[in-house]
Amino acid sequence: MIEGFRLLADHIPATAQKRLIEEVLGLTAEAPFFRPTMPGSGKPMSVQMTNLGPLGWVSDISGYRYERLHPETGRPWPSIPQALLELWRNVSGYDADPQACLVNFYSPTSRLGLHVDADETAKDAPVVSVSLGDRALFRLGGQKRSDSTSSFRLASGDVVVLGGQSRHAFHGIDRIYPGTSRLVPGGGRINLTLRRVTAPQERAGTAPDA
Ligand code: MD3
Ligand code: FE
């Protein structure tokens, strides 16, 4: 197993999961889910997305990047809920707060192909992921696409901390197991990923490689 990967199984109690999903879905009234498209081809992804926090990850025909405004409403993203900031402070081991919480919504047929998260300039910050709703088959590889992979089932309430080498590893979601949770109204899976985008001393918008 790759260094830096921590799976905190069933970390979030059921009552806290309910509060969290209600809060996040409430915020999607202000920042609705949108369907990102693949850079180059413009082909729609099967996962729908939105964001919370000062920065949000977006993808369209021209590329992947972090933006301050929702691509469809033109409004700033809602704030990251306090419970998620506290989770980050408790498990990340990082001394600055996250700037983005990407919210991914998976229907029963959604998948997320193997990829590396490389749009953040804070290269030493971990990513913290929270799984809510239906179970999913998660695959984690290594630094090269050709490296061997391991698969795990992620269930509602599981938290994954991707630090060290795992932060730069290939990963994806191979499938959803529909009907395995009643947390998300209407079914499906929601994954929250907390990210530090810019290094703490670096001013937003003045990334060294921007
Ligand atoms: C490993 N999300 O948002 S969560 C993503 O379930 C993403 O929605 C998946 O991949 C999901 O980019 C997987 C676990 C995860 C999240 C971020 C990572 C694993 C990661 C970043 C680097 C390495
Ligand atoms: Fe990812």
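Up top is the structure these notes are about.
Report follows, based on the coordinates. Computed from a predicted model, the values in this text were never measured in an experiment. (Residues numbered from 1 in each chain as written. Chains lettered and ligands numbered in written order. Predicted model: local features only at pLDDT ≥ 70, side-chain atom pairs only at ≥ 80, totals over all residues. Heavy atoms only, no water.)

Distances from the iron ion (ligand 2) to its protein donors, His115 (NE2), Asp117 (OD) and His171 (NE2), fall within 2.0 to 2.3 Å. For the iron ion (ligand 2), all donor residues lie on one chain, and their spacing in sequence is H-x1-D-x53-H. A residue pair is termed long-range when its members are at least 10 positions apart, and histidine 115 in strand E6 (residues 112-115) and histidine 171 in strand E11 (residues 171-177) qualify at 56 residues. Residue histidine 115 is classed as partly exposed on the basis of its relative accessible area of 23%. The buried category is assigned to histidine 171, whose relative accessible area is 17%. (Donors = N, O, S within 2.8 Å, 3.2 Å for Na, K, Ca; no water. Helix = DSSP H or I, 4+ residues; strand = E, 2+ residues; numbered from the N terminus. Buried < 20%, exposed > 50% of the residue type's maximum accessible area, 1.4 Å probe, protein only.)

On to the pairing of strand E7 (residues 127-133). The buried fraction of E7 amounts to seven of the seven residues, a majority that puts the element mostly inside the structure. Alignment of E7 against strand E12 (residues 189-195), held across seven bridges, turns out to be antiparallel. In the strand pairing of E12, valine 130 is matched with leucine 192. (Pairing = 2+ DSSP bridges.)

Turning to the sheet that holds E6, a few remarks are in order. Reading across the sheet, the four strands line up as E6-E11-E8-E9 and stay open at both edges, with antiparallel pairing between neighbours. On the outer flanks of this sheet lie E6 and strand E9 (150-154), each paired with one strand and no other. Across the sheet, the mean angle from the axis of one strand to that of its neighbour is 25 degrees, orientation sign disregarded. Where strand E8 (residues 135-140) meets E11, six bridges bridge the pair, whose relative direction is antiparallel. Across the sheet, leucine 137 pairs through a bridge with arginine 175, a residue of E11. (Axes fitted to C-alpha atoms, helices over the stretch in contact; angles between N-to-C directions.)

Moving on: the site of ligand 1. Lining the immediate environment of ligand 1, one finds 19 residues, of which Tyr106, Asp117, His171, Arg189 and Arg195 sit closest. The side chain of aspartate 117 places a nitrogen or oxygen atom 2.9 Å from an oxygen atom of ligand 1. Between histidine 171 and ligand 1, the recorded distance is 2.9 Å, taken from a side-chain N or O atom to an oxygen atom. Relative to its unbound accessible surface of 480 Å², ligand 1 loses 98% to contact with the protein. Residue assignment for the shell around ligand 1 shows that the elements contributing at least two residues are strand E5 (100-106), E6, E7, E11 and E12. (Near = heavy atom within 4 Å. Polar contact = N/O pair within 3.5 Å; in protein donor to acceptor, adjacent residues only side chain to side chain. Areas by Shrake-Rupley, 256 points an atom, 1.4 Å probe, with all protein chains shown as cover.)

What follows is about the side chain of glutamate 120. Summarising the element assignment, glutamate 120 is placed in the loop between E6 and E7. Among all residues touching glutamate 120, those that are not within four sequence positions of it are Tyr66, Arg167, Arg195, Arg196 and Val197. (Contact = heavy atoms within 4.5 Å.)

Spatial strand order, E1-E10-E7-E12-E5-E2: six strands in an open sheet with antiparallel pairing. Since the sheet does not close on itself, it has two edges, and those belong to strand E1 (5-8) and strand E2 (48-52), each with one partner. Sheet twist, expressed as the mean angle between neighbouring strand axes with direction ignored, is 20 degrees. Taken together, the four bridges between E1 and strand E10 (residues 159-162) define a ladder with antiparallel strand orientation. Its bridge partner being in E10, phenylalanine 5 is matched across the sheet by leucine 162. Along the sheet, helix H2 (residues 82-91) contacts E1, E5, E7, E10 and E12; its crossing angle with E7, the most-contacted strand, is approximately 130 degrees.

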